[in-house]
Amino acid sequence: MVEFEVKAYPELWQELDMDVERFDKARQMLGNAYAAMYLSQRNRPGKMAYFDTMIAEIHGGRVQELVDAKKEGRPVVGTFCVYIPEEVVVAANGICVGLCGGSQGSIPDAEKILPRNICPMVKSAFGFKAGRICPYFQAVDFVYGETTCDAKKKTWEILDRLVPTYVMEIPQMKNKRDKALWLEEVKDFKAKVEEVSGKKISEDDLARAIKVINGKRLALQRLTRLRSHNPAPISGKDALLIEQIAFYDEPVRFAEKVNELCDELDDRVKSGHGVLPADAPRVMVSGTPMALPNWKLHHIVESAEAVIVNEESCIGTRYFKDLIDEDRKSMAEQLDVLTDRYMRIDCSCFTPNNERIDQVIKEYRQSGAQGIIHYSLQFCHTYNIEEIRIKEACQQEGIPYLSIETDYSPEDVGQLQTRVEAFLEQIRG
Amino acid sequence: MYVGIDLGSRTVKIAAWQDGELIGHQIRESSFDPHKQSLEMLAGFDPVRVVATGYGRHLAHKHFAHEMITEIKAHALGARHYFPDCRTIVDIGGQDSKVISLDEAGRVTNFQMNDKCAAGTGRFLEIMAATLGYSLDEFGPAALGSAAEASINSMCTVFAESEVISMKNRGVPPQDIAMAVHLSVVSRLVGMLNRVGYGECIVFSGGVARNPCMVKMLAMKLDGVRVVSPAHPDIVGALGAAIQAGRN
């Protein structure tokens, strides 16, 4: 096996009041898992090296950047959702970081306090803070919470005891008055960020921030388009990793690195060079987000010689499919187009949510997939129930379809392997 | 000769296939070392090609099998050998129960498996039989001796076991409890069948198909449906793998 290490920064961790001894063990486990799942892949693009470094520095280099930024008075905001208007944070010269929430290891910490029958992502995230084993949680000025599901909105009340948690109300319908509510929420959030940074956000600040985040989203859109070629120039696992890193890397640098990778993938597409032969089954994944390091489903699918070509997910297209018009000059206009963009997110918290059903079918066609796996975390009620409509749409369109409900534990991996392989046999015919 | 090997959680099954016929089979406990067990079983055959299925298929493919297929595909191939028109298969295995739906040509169009626990599996029946003091062969016939409508409510193996124990302690006759256990497994199967959809004939495969109470209750709960089983329901998966070996 290839040697790989997530680098240790014990002094920095000490400074952040972490459980250093325990965290160091987690670091080694993450390194081993990464080497086994990622570095062993065949035909990896050379430009994945940057993203490997981002994992090697996930507990150090990037965290140091956050700590340094804070010392300069820049606000650092922790997030869990694509519904955060991160442009507002960037406009205040601040930093948005996606927080930890994709690992089984922190769940026992959460279950000491929270009920067991809630989704693994909420439990894992809470456990990371409770156990002081996520440097990002330790580095943020405040956590941005939202009301996209019951488990989250009630957990924020408890999390607020451990770290300041600011909650925005996400509307659940898409009528005029819902948009008006969301606009008010965005204005309040802007005031909150201004208060933390001690700086008023100007039109120019916001215009610049909109450009920066559009740049990040454009790079990710380009990556998704490249994956639609057959043979796929990059594995789904690598693409998922990039989508996960999008939530915590510096946005300008990240966009640049994704574009460099895309240049390489462009060449691969032109020369017909892929990670797997052109007859490998192509699968699209739709459903709940996969927080880092949740690589379980992708690893199972791709270990069976298939390739995942699209994620219709918050860690995926839902995060970057929509841009914000860059030509608005006044603050009122800017906030208006920003609000519009966020209202186009087709999260399952909305009702009705026909946009998502159409989007899934559209992305299926665009990605050149041959089947859809719907992925839902246990107790993620809105996605689990919306799955019924996705399934019906797939049946109607004759799309091979498999639904999976799981959590972060490895106990069902054998069973999932059987189900995924049987699904691939179905696609292969 | 082609050989299919089904490395299940409880038993290893081998089927030998030649000129469109099943010409031999073997069943043994998986034992502590299923790999060694498989090699010993294979020693009696001289196949040109081996295809593996079951939970141990990856292990077999790594060491000696030419190809592996899932239990889903294996059961589809095996069941169609016996019942060429069948469109629905129910398989109760050691740790999984499955419902498989096929198109006219025998291709898998849909399937369901139990969740990540032993509810409704062969292992569940084994544990309940042991709790009641029956051997597996006695369990089904004993249940058929009951005319009562007792029921157990818990599908979790551990909770169901404590429910069975408390029924015993209330003095409920063992055959009535046995019937309740069978009905709970059947109701779960019917739930899966309803999700997948089923035709007028269901092939019941896997060792549990030898249990007369399971077959009878399943047919009774699915009014008007014919439930059929081949002579050796345990080896349907192995046979399917052998048929696949003969295809390539």
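Residues numbered from 1 in each chain as written. Chains lettered and ligands numbered in written order. Predicted model: local features only at pLDDT ≥ 70, side-chain atom pairs only at ≥ 80, totals over all residues. Heavy atoms only, no water.

Moving on, we come to the overall build of chain A. Of regular secondary structure, chain A possesses 19 helices and eight strands. Compactness check: chain A gives a C-alpha radius of gyration of 21 Å against a globular reference of 22 Å for 429 residues, within 12% of the reference. For chain A, the C-alpha atoms occupy an extent of roughly 60 × 50 × 45 Å along the three principal directions. Residues counted as buried form 61% of the 429 residues belonging to chain A. Restricting the contact set of chain A to residue pairs at least 6 apart, pairs at least 24 apart contribute 75%. Only carbon and sulfur atoms are counted for the fraction: they give 50% of the accessible area of chain A, which is about 16,700 Å². Measuring between centres, the 56 positive side-chain charges of chain A sit 1 Å from its 68 negative side-chain charges. (Helix = DSSP H or I, 4+ residues; strand = E, 2+ residues; numbered from the N terminus. Rg over C-alpha atoms; globule rule 2.2 N^0.38 Å. Buried < 20%, exposed > 50% of the residue type's maximum accessible area, 1.4 Å probe, protein only. Contact = heavy atoms within 4.5 Å. Areas by Shrake-Rupley, 256 points an atom, 1.4 Å probe, with all protein chains shown as cover. Lys, Arg positive; Asp, Glu negative; His and termini not counted. Charge placed at Lys NZ, Arg CZ, Asp CG, Glu CD.)

The next subject is the state of the cysteines. Residue and element names in this part refer to chain A. Counted according to the given criterion, the structure contains one disulfide over all chains. Sulfur-sulfur distance for the disulfide between Cys100 and Cys134 comes to 2.1 Å. The chirality of the disulfide connecting Cys100 with Cys134 is right-handed, given an S-S dihedral of about 75°. Of the two residues, Cys100 sits in the loop between strand 2 (95-98) and helix 6 (107-111) while Cys134 sits in the loop between helix 7 (120-130) and helix 8 (135-139), which places them 34 residues apart along the sequence. When its relative accessible area of 0% is taken as the criterion, Cys134 is described as buried. Unpaired in this structure, Cys349 has its nearest cysteine sulfur neighbour in Cys347, at a distance of 3.4 Å. (Disulfide = S-S within 2.5 Å.)

A word on the sheet that holds strand 7 (residues 371-377) of chain A. All names here are of chain A. As summarised here, the arrangement of the four strands in space is 6-5-7-8, forming an open sheet in which the pairing is parallel. Edge positions in the sheet fall to strand 6 (307-312) and strand 8 (401-406), since each has one partner strand and no second. Taking each pair of neighbouring strands and ignoring which way they run, the sheet shows an average axis angle of 25°. Where strand 5 (residues 282-287) lies against strand 7, five bridges are found, and the strand directions are parallel. For Val285, the partnering residue across the bridge sits in strand 7 and is Ile373. The sheet contacts of helix 19 (residues 413-428) involve strand 5, strand 7 and strand 8, and relative to strand 8 the element is tilted by about 170°. (Pairing = 2+ DSSP bridges. Axes fitted to C-alpha atoms, helices over the stretch in contact; angles between N-to-C directions.)

Time to look at the pairing of strand 1 (residues 76-79) of chain A. Residues and elements named next belong to chain A. Burial of the side chains of strand 1 extends over both faces: Val76 and Gly78 are buried on one face and Val77 and Thr79 on the other. Handedness of the β-α-β unit built from strand 1, helix 5 (residues 86-91) and strand 2 comes out right-handed. When strand 1 meets strand 3 (residues 142-146), the two strands line up parallel, connected through two bridges. Following the sheet pairing, Gly78 is matched in strand 3 by Val143. (Right-handed = clockwise from strand over helix to strand, strands pointing away.)

So, about helix 7 of chain A. All names here are of chain A. Counting buried positions over the 11 residues of helix 7 gives 10, a clear majority of the element. Regarding helix 7, the residues found buried are Pro120, Met121, Val122, Lys123, Ser124, Ala125, Phe126, Gly127, Phe128 and Lys129. Of the surrounding secondary structure, the elements contacted by the buried residues of helix 7 are helix 6, helix 8, helix 9 (150-159) and strand 7.

This part covers the sheet that holds strand 3 of chain A. Residue and element names in this part refer to chain A. One open sheet accounts for four strands, arranged 2-1-3-4; its pairing is parallel. The open sheet has two edge strands, strand 2 and strand 4 (165-168), and neither has a second partner. Along the sheet, successive strands turn relative to each other by an average axial angle of 30°, direction set aside. Inspection of the sheet shows strand 1 paired to strand 2 by four bridges, in the parallel sense. Across the sheet, residue Gly78 finds its bridge partner in strand 2, namely Val97. Of the strands in this sheet, strand 1 and strand 2 are in contact with helix 4 (residues 61-71), which crosses strand 2 at around 145°.

Here we take up the confidence of the model for chain B. Keep in mind that low pLDDT regions are not for reading the predicted coordinates in detail. For chain B, the average pLDDT comes to 93, and 100% of its residues sit at 70 or higher. Taken over the whole predicted complex, pTM reads 0.95, whereas the ipTM for its chain interfaces reads 0.93. (pLDDT = per-residue confidence, 0-100.)

Residues and elements named next belong to chain A. As a packed pair, helix 3 (residues 49-56) and helix 12 (residues 236-245) sit with axes 11 Å apart at the nearest point and diverge in direction by 55°. Here helix 12 runs oblique to helix 3, going by the angle between their axes. Helix 12 is crossed by helix 3, and the crossing has left-handed handedness. Along its contact with helix 3, which presents Phe51, Met54 and Ile55, the element helix 12 presents Leu241, Ile242 and Ile245. When the residues that make up the contact of helix 3 with helix 12 are grouped by side-chain class, the tally is six nonpolar, no polar and no charged. (Parallel < 35°, antiparallel > 145°, perpendicular 65-115°, else oblique. Left-handed = near helix turned anticlockwise from the far one by under 90°. Nonpolar A, V, L, I, M, F, W, Y, C, P; charged D, E, K, R; others polar.)

In this section: the pattern of salt bridges. Residue and element names in this part refer to chain A. Taken as a whole and assessed by the stated rule, the structure comprises 48 salt bridges over all chains. Put simply, Glu305 and Arg42 hold a salt bridge, and the shortest N to O gap is 2.9 Å. Remark: Arg42 occurs in the loop between helix 2 (20-39) and helix 3 and Glu305 occurs in the loop between helix 14 (296-303) and strand 6; sequence separation between them is 263 residues. Arg42 gets classed as exposed once you look at its relative accessible area, which sits at 54%. The partner of Glu65 in a salt bridge is Arg253, with the nearest N and O atoms 2.8 Å apart. In this pair, Glu65 is assigned in helix 4 and Arg253 in helix 13 (residues 251-271), connecting sequence segments 188 residues apart. Residue classification places Glu65 among the partly exposed residues on the basis of a relative accessible area of 30%. The exposure class of Arg253 is partly exposed, given its relative accessible area of 25%. (Salt bridge = Lys/Arg side-chain N within 4 Å of Asp/Glu carboxyl O.)

A word on the interface of chain B and chain A. Listed per partner, the contact involves 18 residues of chain B and 16 residues of chain A. Around 1,400 Å² of area is buried between chain B and chain A when both sides are counted, 50% of it from carbon and sulfur atoms. Joining chain B to chain A, the criterion identifies one salt bridge. Across the pair Arg57 of chain B and Glu421 of chain A runs a salt bridge whose closest N-O atoms are separated by 2.9 Å. (Buried area = accessible area lost by both parts, 1.4 Å probe.)

What follows deals with the packing of aromatic side chains. Aromatic ring pairs are reported here in terms of the distance separating the ring centres and the angle at which the planes meet. All names here are of chain A. Per the stated rule, a full pass over the model turns up 20 aromatic pairs over all chains. Aromatic pair Tyr50 and Phe51: ring centres 5.1 Å apart, planes at 85°, arrangement edge-to-face. Here Tyr50 and Phe51 have matching classes, each one buried. Counting every residue linked through ring pairs, the aromatic cluster contains Phe4, Tyr34, Tyr38 and Trp295. Taking the ring centre of Phe142 as reference, the NZ or CZ of Lys192 above it sits at 4.8 Å. (Phe/Tyr/Trp six-rings, centres within 6.5 Å; stacked < 30°, edge-to-face > 60°. Lys NZ or Arg CZ within 6 Å of the ring centre and 35° of its normal.)

Our focus in this paragraph is the environment of Leu226 of chain A. Tracing the backbone through its elements, the reader meets Leu226 of chain A in helix 11 (residues 203-227). In contact with Leu226 of chain A, other than residues within four places in its own chain, are Pro233, Cys262, Leu265, Asp266 and Val269 of chain A.

Turning to helix 3 of chain A, a few remarks are in order. Of all eight residues making up helix 3 of chain A, six are buried, and the element is well covered by its neighbours. Of all the positions in helix 3 of chain A, only Tyr50, Phe51, Asp52, Met54, Ile55 and Ala56 of chain A are classed as buried.

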